[in-house]
Amino acid sequence: MNQEALIKELMSIPGKVISLHDGAYLYREGAPAHYFYIVRSGHIFVVKYGASGRVLALRLATKGSLVGELPIYEDEPTYLFSAIARSAAEVYAIEFPVLETYLEKHPHLAVALLKLIGMHMRKQHLKFRDLVLYGKKGALCSTLLRLANSYGMETDEGILISVPLTNQELANYSASARESLNRMLAELKKSGVIDMRGHLILIKDIDYLKKTIHCENCGVEICNIE
């Protein structure tokens, strides 16, 4: 079962639609987990807060993405991360007991969902690898690659990332301070690796980004920001 078919079947399970305004929390880290969510529209940031107040952005979930999926089948589930609407957004919410009962009656769906959750975990492990092994510059290069795979548009000049992100948001993905992020962006721009088109980033030398993190060419289904 492909992801599109999986999402379609999941959304046939009884649930409810929740509308969010820009900046609204869908759920907070540590809160009791009652719902499993599917993004219907808009963008949802999935983030982890450090004790110091620093933020590590893990995903930018968009239409068809699952969020809040990890606590399934836990006895006293809580959310491991926080989820925040980056823009006006809608999600489809299914209560965990309802989802679990449905999965038990439809094993093929349980297997497909398990595969998708496994892919999410693999994505996170690879992001953490880039951050730990290649430092903040590697984390930025990894983020730019993933954004290009998710939201890149081919142009004569290079790959234009079609989603505008603030420097603070990019810094959150790179686990770095905004000042450090600004310096790294300036260096990449000076070297001709990237350029700006208004509020959008244009990647002019994607091979440089790949070399920086020793890219394993694992495919866009793994190397993306969603």
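Here, the structure is the one placed above.
Residues numbered from 1 in each chain as written. Predicted model: local features only at pLDDT ≥ 70, side-chain atom pairs only at ≥ 80, totals over all residues. Heavy atoms only, no water.

Undergrad: Help me understand the nonpolar core, please; the structure alone is not making it clear to me.
TA: Side chains that are nonpolar tend, in soluble globular proteins, to be buried together. In terms of nonpolar packing, the biggest core is built from 37 residues, with Leu10, Phe36, Tyr37 and Ile44 touching the most fellow members. Excluding residues within four positions of it along the chain, Ile44 makes contact with Leu20, Val39, Arg59, Leu60, Ala61, Ala83, Ile84, Ala85, Arg86, Ala89 and Val91. With 30 residues, the next largest nonpolar core counts Ile159, Ile161, Leu181 and Ile201 among its residues. (Core = buried A, V, L, I, M, F, W, Y, C linked by side-chain atoms within 4.5 Å. Buried < 20%, exposed > 50% of the residue type's maximum accessible area, 1.4 Å probe, protein only. Contact = heavy atoms within 4.5 Å.)

Undergrad: Could you clarify how one ought to interpret the sheet that holds strand S1 (residues 16-20) in this entry?
TA: Hydrogen bonding along the main chain pairs the strands of a sheet, whether they run parallel or antiparallel. Strand order in this open sheet of four strands is S1-S8-S3-S6, and the pairing throughout is antiparallel. Each of the sheet's edge strands pairs with one partner strand only, and the pair in question is S1 and strand S6 (66-67). Pairing analysis gives two bridges linking strand S3 (residues 35-41) to S6, with the strands arranged antiparallel. Residue pairing across strands places Ile38 opposite Leu66, the latter belonging to S6. Of the strands in this sheet, S3, S6 and strand S8 (89-95) are in contact with helix H1 (residues 3-10), which crosses S3 at around 115°. (Pairing = 2+ DSSP bridges. Helix = DSSP H or I, 4+ residues; strand = E, 2+ residues; numbered from the N terminus. Axes fitted to C-alpha atoms, helices over the stretch in contact; angles between N-to-C directions.)

Undergrad: Where do I start with the side chain of Asn172 in this structure?
TA: Position of Asn172 among the secondary structure elements: in helix H4 (residues 167-174). Given a relative accessible area of 16%, Asn172 falls into the buried group.

Undergrad: Which parts of the structure should I look at to understand the packing of aromatic side chains?
TA: The relation between two aromatic rings is expressed through the spacing of the ring centres and the mutual angle of the planes. The tally for this structure, following the rule as stated, stands at five aromatic pairs. Three or more aromatic residues joined by ring pairs form one cluster here, namely Tyr27, Tyr35, Tyr37 and Tyr79. Over the ring of Tyr25 we find Arg28; its NZ or CZ atom is 3.6 Å from the centre of that ring. (Phe/Tyr/Trp six-rings, centres within 6.5 Å; stacked < 30°, edge-to-face > 60°. Lys NZ or Arg CZ within 6 Å of the ring centre and 35° of its normal.)

Undergrad: I tried to follow the pairing of strand S5 (residues 55-61) on my own but got confused; where do I start?
TA: Most of S5 sits out of view: six of its seven residues are buried. Across six bridges, strand S4 (residues 44-49) lies against S5 in antiparallel orientation. When the sheet's bridge partners are listed, Val47 is paired in S5 with Ala57. Once S4 ends, the chain turns through five residues before running back antiparallel as S5, passing Gly53 with a positive phi of about 95°.

Undergrad: When you look at helix H5 (residues 178-190) in this model, what are you seeing that I'm missing?
TA: Since there are 3.6 residues in each turn of an α-helix, residues three or four apart along the chain are aligned in direction. Its 13 residues give H5 an end-to-end C-alpha distance of 18 Å, which sits within 8% of 18 Å, the value for a rise of 1.5 Å per residue. Those residues of H5 not exposed but buried are Leu181, Met184, Leu185 and Leu188. Along the axis of H5, the buried residues cluster in a sector spanning 100°; they form a single face. Seen from the open side of H5, the exposed residues pointing more than 90 degrees away from its buried face are Arg183 and Lys190. In this structure, the buried side of H5 is in contact with helix H3 (107-151), H4, strand S11 (194-197) and helix H6 (206-212). (Expected span 1.5 Å × (residues − 1). Arc of directions from axis to C-beta.)

Undergrad: Looking at this model, I keep getting lost on the side chain of Thr143. Mind explaining?
TA: Examined against the element boundaries, Thr143 turns out to sit in helix H3. Polar side-chain contacts of Thr143 include one of 2.9 Å to the backbone oxygen of Ala139. When residues no more than four places from it in sequence are discounted, the contact partners of Thr143 are Leu170, Tyr173, Ser174 and Ile225. (Polar contact = N/O pair within 3.5 Å; in protein donor to acceptor, adjacent residues only side chain to side chain.)

Undergrad: Help me out: how do you make sense of H1 in this one?
TA: For H1, the set of buried residues is Leu6, Ile7, Glu9 and Leu10. All buried residues of H1 project into a common sector of 165° when viewed along the axis, lining one side. Exposed and oriented more than 90 degrees from the buried face of H1 are Glu4 and Lys8. Residues of H1 that are buried in the fold lie against S3, S6, S8, helix H2 (96-105) and H3. Put simply, Asn2 is the residue that caps the front of H1, since its side-chain oxygen is 3.3 Å from the backbone nitrogen of Glu4.

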